[in-house]
Amino acid sequence: MVHREARGRGLGRRLLTAAEDGAVAAGLTLLHLDTETDSPAERLYRDAGWTRAGMIPAYAANPEGLLRPTTLYFKRLGGKGAAQGR
């Protein structure tokens, strides 16, 4: 997560790239995540090549305690074994 005051400076993109690079270095070929539906993070993930897989309604509470849906994303990483989704 990136604090609201730090958004728009590319920090989220750098963090995501570092996580993906670390996964590739560890030999992983498939990553998945979830984020609050309609959050600003969804644009980041789509722009970074992640694929929307679906949504779960009333999945997690926001800071006010209201249940919100979450959207699931996945990304296949290049390299050996990517087709199997290790």
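Residues numbered from 1 in each chain as written. Predicted model: local features only at pLDDT ≥ 70, side-chain atom pairs only at ≥ 80, totals over all residues. Heavy atoms only, no water.

**A short note on unusual backbone geometry**
Inference 1: Phi at Asp38 is positive, roughly 70°, even though this residue is not glycine.
Inference 2: For Asp38, a relative accessible area of 67% translates into the label exposed.
Inference 3: A positive phi angle is found at Ala58, which is not glycine, with a value near 45°.
Inference 4: Tracing the backbone shows Ala58 in strand E2 (residues 51–61).
Inference 5: What makes Ala58 partly exposed here is its relative accessible area of 48%. (Buried < 20%, exposed > 50% of the residue type's maximum accessible area, 1.4 Å probe, protein only. Helix = DSSP H or I, 4+ residues; strand = E, 2+ residues; numbered from the N terminus.)

Note that every value here comes from positions in space, so none of it alone points to a role or purpose.
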